[in-house]
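Fold and contact review
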Amino acid sequence: MRVAVITDSTAYIPVSYRKEKNIHMVPLNVVIGNDSYQEEIDISTEEFYQKVREVEDFPKTSQPSIGLITEKLNELAKDYDQAIFITLSSGISGTFQSIVTAQSMVEGMEVFPFDSEISCMAQGFYVLEAADMAQNGEDSQTIMARLHEIKESLRAYFMVDDLSHLHRGGRLNGAQALIGSMLQVKPILHFEDAKIVPYEKIRTKKKALKRIFELFEEDASTGVPIRATVIHANREAEAEEIKKELETRFDNVDVSVSYFGPVIGTHLGEGSLGMGWYKKGGSAR
């Protein structure tokens with residue numbers, strides 16, 4: 001059986017990877033001023049951060065329409081028997097639920113929605129593994145089992161420069177945002193039960209990054225092969241430095257640099273940094 005692997009744009013998998021691994025993508029939208037853009041298609045991450053600096057209004061985001069999702073699934077049904085659709089967290093977007101609704105509208109192809117309960121390249125980890133397995137001829141049930149196995153060891157933490165973006169976007173409650181900004185706190189955030197919540201409150205960016213490194217070291221120091229990513233919001237040079245440091249310290253870690261694109265960048269803001277990783281063997285932490 002041929003298995004299609006689909007994700008939404010917030011996995012931020014480069015076009016070259018998508019082509020090489022035959023990954024299909026449905027974009028979310030970002031609205032800046034009066035203009036709406038399909039991210040990764042109509043607007044690049046660099047263009048997004050530039051435009052945001054030039055307008056007063058806070059950008060807005062929206063999920064793909066069920067019509068667009070159904071159109072993509074029907075198109076793939078001509079060539080595939082099954083499809084795995086990996087989405088960003090259902091706790092911050094209705095995209096997953098739209099896939100669940102759309103799957104009943106497709107004939108001739110069985111669709112398996114998968115809620116990554118996260119986003120960005122941490123979501124992308126699931127997509128890349130699924131794509132490799134699909135290319136190796138594995139069926140959807142086997143791939144889905146592996147995705148659930150990855151979820152047991154996947155961890156991701158991030159810090160933002162300004163909590164107001166999360167607050168205005170409705171992704172963090174008002175009291176948390178107010179306290180954070182008053183005390184100049186740089187909280188470490190993570191996904192819990194599919195939602196963005198504070199993990200620890202830390203006073204400075206330097207200390208917050210140090211704490212994320214400590215959390216990473218808990219897994220990396222075991223010697224188990226780990227796949228990791230450093231995620232940045234328009235701070236590529238800083239992310240590359242972190243990558244080099246991790247590669248120097250750990251020879252069991254495969255590290256990449258990735259980014260917070262327009263939709264997620266809208267909610268986190270420029271200057272955010274994070275890390276995501278999982279154990280390649282899939283064992284639980």
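Refer to the structure above for everything that follows.
Read on for an overview of the structure.

Moving on, we come to the sheet that holds strand β5 (residues 60–62). With antiparallel pairing, the three strands of this open sheet are ordered in space as β4-β3-β5. Every other strand in the sheet has two partners, leaving β4 (35–38) and β5 as the edge strands with one partner each. The mean angle between the axes of side-by-side strands here comes to 25°, regardless of whether they run parallel or antiparallel. Taken together, the three bridges between strand β3 (residues 29–32) and β5 define a ladder with antiparallel strand orientation. Paired with N29 across the bridge in β5 is S62.

On to the sheet that holds strand β6 (residues 82–87). Read from one edge to the other, the open sheet built from four strands follows the order β2-β1-β6-β7, with strand pairing classed as parallel. With one partner strand each, in any of the chains shown, β2 (23–26) and β7 (110–115) form the two edges of the open sheet. Within the sheet, the average angular offset between the axes of one strand and its neighbour, ignoring direction, is 25°. Examined bridge by bridge, strand β1 (residues 3–8) and β6 share five bridges and lie parallel to one another. Bridging from a neighbouring strand, I6 pairs with F85 of β6.

This part covers the packing of helix α5 (residues 120–135) against helix α6 (residues 140–153). Closest axis-to-axis distance for the α5/α6 pair is 10 Å, and the angle between their directions is 150°. One way to sum up the angle between α5 and α6 is to call them roughly antiparallel. Judged by the twist between their axes, the crossing of α5 over α6 is right-handed. Each of Y126, E129, A130, M133 and A134 in α5 lies in contact with α6, whose residues at this interface are T142, I143, R146, L147, I150 and K151. In the contact of α5 with α6, the residues fall into seven nonpolar, one polar and three charged.

This part covers the nonpolar core. Ranked by size, the top nonpolar core spans 50 residues in total, and within it L147, F260 and I264 carry the most contacts. With eleven residues, the single largest contributor to this core is α5. Contacts of L147, omitting those with residues within four sequence positions, involve I84, I86, F114, Y126 and A130. Counting residues in each nonpolar core, the second largest holds 23 residues, with M159, F213, L215 and W277 among its members.

Between side chains of opposite charge, pairing is possible as soon as their charged atoms come close. All told, the structure shown has 16 salt bridges when counted by the stated rule. For R53, the salt bridge is made with E270, and the minimal N-O distance between the two is 2.9 Å. Residue R53 is found in helix α2 (residues 45–54), and its partner E270 is found in the loop between α11 (262–268) and β13 (273–279); the two are separated by 217 residues along the sequence. Judged by relative accessible area, which is 47%, R53 ranks as partly exposed. In this structure E270 comes out as partly exposed when scored by relative accessible area, which is 26%. Here E117 ties to K151 by a salt bridge, and the two come within 3.5 Å at their closest N and O atoms. Here K151 lies in helix α6 and E117 lies in the loop between β7 and α5, a separation of 34 residues in the sequence.

The rules we used
Residues numbered from 1 in each chain as written. Predicted model: local features only at pLDDT ≥ 70, side-chain atom pairs only at ≥ 80, totals over all residues. Heavy atoms only, no water. Pairing = 2+ DSSP bridges. Helix = DSSP H or I, 4+ residues; strand = E, 2+ residues; numbered from the N terminus. Axes fitted to C-alpha atoms, helices over the stretch in contact; angles between N-to-C directions. Parallel < 35°, antiparallel > 145°, perpendicular 65-115°, else oblique. Left-handed = near helix turned anticlockwise from the far one by under 90°. Contact = heavy atoms within 4.5 Å. Nonpolar A, V, L, I, M, F, W, Y, C, P; charged D, E, K, R; others polar. Core = buried A, V, L, I, M, F, W, Y, C linked by side-chain atoms within 4.5 Å. Buried < 20%, exposed > 50% of the residue type's maximum accessible area, 1.4 Å probe, protein only. Salt bridge = Lys/Arg side-chain N within 4 Å of Asp/Glu carboxyl O.

Function cannot be inferred from these measures alone, as they are strictly geometric.
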